[in-house]
Amino acid sequence: MIKNKPDQSFGKLWNLSFGFFGVQIAYALQSANISRIFATLGADPHSLSYFWLLPPIAGLIIQPIVGALSDRTWCRFGRRLPYLIVGAVMAVIVMCLLPNAGSFHFAVAGALIFGAFALMFLDLSINISMQPFKMLVGDMVNEKQKGLAYSIQSFLCNAGSVVGYVFPFMLAWFGISNIADGNQVPDSVAYSFYIGAAILILCVLYTFWKVKEMPPKEYAEYHGITETKDEEKSNVFTLLAKAPKVFWTVGLVQFFCWGAFMYMWTYTTGGVAEQAFGWNPAEGTQTDSYQAAGNWVGLLFAVQAIGSVIWAAFIPRFNNHKFIYALSLIIGGVGFISSMFFTDKYLLLISFFMVGAAWAAMLALPFTILTNSISGRHMGTYLGLFNGTITIPQIVAAALGGVVFSLVGGGAHHQINMIGLAGVLLIVGAFCVFFIKETYAETIAENKEHFE
């Protein structure tokens, strides 16, 4: 008989995910500023998406490895926590290097190559830090509280996003330079990365010291792992073949959602600069209009995060996961599409506030639905494999970005069309939600024991 995991206090659930706040500051700085950085280094809009290829490819390879290794890791520091620390340290180092890609006296091509590899390692380290938080909830939280636990993660994620997104805007407001010579990144962006790195490591250390993972014997009791089962050998390909159907149906939804957000991260800065700031690409990126638009995009993304925080508070109130999942994606899709019709920068705040509903659902619901359907024995491996439903859509979207951009216009004042396309993808994803049929692994296991 599988023991039921005890309910945990709100404080313990909070501590379990607090480091996510710092990790998400780093992720927000990356997502809001990378296209701005590469455009400043000399990248053309038609090739901009290609610089986003390496991060998800690296994540696709490393995440299942981290998941499988952490399933087998037991040391005095825990099971998932050692990977959390390693990822955080890597992220801090790369966050200090990436904004300086244009300051090492490379030629334009050299600076772009350096920036591309720095971005890959940044995204890789952020994902190594991010995954343990999702695994910890799967390991330690019962089914009744998982919705709350992932909603806390969503809240902390979006709170961190707000901080990360507004850093360049606020630093520029305080007088830090927002433009730079040549292909160098402005100080407002570089200093934001330095401050974000410091907050990241402090938050991760807090979770590391506050959380105590279950020892092996206790973990086995709560997840129905017997010695016989534990001796069974399963590689990632076998587990993938045996994955519950919900793994694939949620993955289908993820395909459209993460493709949409890849286009948002890649093209929002250029689109908003053209649409609301009167920027002409022929002028280059070291202009007040483009760099001011870059700061405003950070503010738009912050409003998106605030909308996500507010919406995340409502998600646990709905027992029907599929309904709230689909509704959230439709609201976000309408938000993206509406941005095509707003030339006033303040009206764009409404658009991105609506996009926050989709982001809140994407952060919480897929993991709630998935972890309910799988047993604890291979939780880390499955979550690592599930990361493929996040990275593969990004790879496909980035690889096709130049072609798709040409199809929707491909010239001046057409980058905003890619944001409209992102809205269409979210709405398609909402319809795919209804292919999901939720299952509960622990209930199935208990019924099986009862009839044996």
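To start, this report covers the structure provided alongside it. (Residues numbered from 1 in each chain as written. Predicted model: local features only at pLDDT ≥ 70, side-chain atom pairs only at ≥ 80, totals over all residues. Heavy atoms only, no water.)

1. Points about empty space enclosed by the protein
Applied cut-off: Put plainly, a pocket is an open set of points on a 1 Å grid over the protein atoms alone with protein on both sides within 12 Å along at least five of seven lines, a cavity is a set where a 1.4 Å probe fits but cannot get out, and a lining residue has an atom within 4 Å of a point. Grid points are joined across faces, edges and corners, and a volume is the space filled by probe spheres set on the points. Only runs of H or I of at least four residues qualify as helices and only runs of E of at least two qualify as strands under DSSP, and these elements are numbered from the N terminus. Classification convention: Asp, Glu, Lys, Arg as charged; Ala, Val, Leu, Ile, Met, Phe, Trp, Tyr, Cys, Pro as nonpolar; all other residues, Gly among them, as polar.
What the rule picks out here adds up to three cavities of 30 Å³ or more. Of the voids in this model, the largest cavity is the one considered here, and its volume is about 190 Å³. Mapped by element, the contributors of at least two residues to the lining of the largest cavity are helix 2 (19-41), helix 5 (108-140), helix 14 (348-373) and helix 16 (388-407). The biggest single contributor to the lining of the largest cavity is helix 5, with five residues. Per-class residue counts for the lining of the largest cavity are nine nonpolar, six polar and two charged.

2. Let's talk about the packing of helix 3 (residues 54-71) against helix 5
Threshold: In this analysis, axes come from line fits to C-alpha atoms, helices being fitted only over the stretch in contact, and the angle between any two N-to-C directions falls in the range 0 to 180 degrees. The handedness criterion is simple: a crossing whose near helix is rotated anticlockwise from the far helix by less than a right angle is left-handed, and one whose near helix is rotated clockwise is right-handed. By definition, residues are in contact when any of their heavy atoms lie within 4.5 Å.
Where helix 3 meets helix 5, the closest approach of the two axes is 9 Å, and the angle between their N-to-C directions is 35°. Crossing of helix 3 over helix 5 shows right-handed handedness. From helix 3, L54, P55, P56, A58, G59, I62, Q63, V66, G67 and S70 reach across to helix 5, where they touch A116, F117, L119, M120, D123, L124, N127, I128, Q131 and M135.

3. Quick notes on the packing of helix 2 against helix 12 (residues 288-314)
Here is the rule we go by: Oblique is the label for any angle not under 35 degrees, not over 145, and not in the 65 to 115 range, which are roughly parallel, roughly antiparallel and roughly perpendicular in turn.
Where helix 2 contacts helix 12, the axes come no closer than 9 Å and their chain directions differ by 165°. Of the possible angle classes, the one that applies to helix 2 and helix 12 is roughly antiparallel. Handedness of the helix 2/helix 12 crossing: right-handed. Along its contact with helix 2, which presents S31, A32, S35, R36, A39 and T40, the element helix 12 presents Y290, Q291, G294, N295 and F301. Classifying every residue of the contact of helix 2 with helix 12 gives four nonpolar, six polar and one charged.

4. Regarding the side chain of T389
Note the following rule: Note on exposure labels: buried denotes an accessible area under 20% of the residue type's maximum, exposed denotes more than 50%, and partly exposed covers the range between, all computed with a 1.4 Å probe on protein chains only. Pairing of N or O atoms within 3.5 Å defines a polar contact, subject to two protein rules: one partner must be a possible hydrogen donor and the other a possible acceptor, and residues neighboring in sequence count only if both atoms are side-chain atoms.
Residue position: T389 is located in helix 16. Since its relative accessible area comes to 12%, T389 is described here as buried. There is a polar contact of 3.4 Å between the side chain of T389 and the side chain of Q254. Not counting residues within four places of it along the chain, the set of residues in contact with T389 comprises G251, Q254, F255 and W258.

5. With respect to the side chain of S31
By secondary structure assignment, the location of S31 is in helix 2. Side-chain polar atoms of S31 contact the side chain of Y165, separated by 3.5 Å. Those residues in contact with S31 that sit more than four places away from it in its chain are W52, Y165, W265 and F301.

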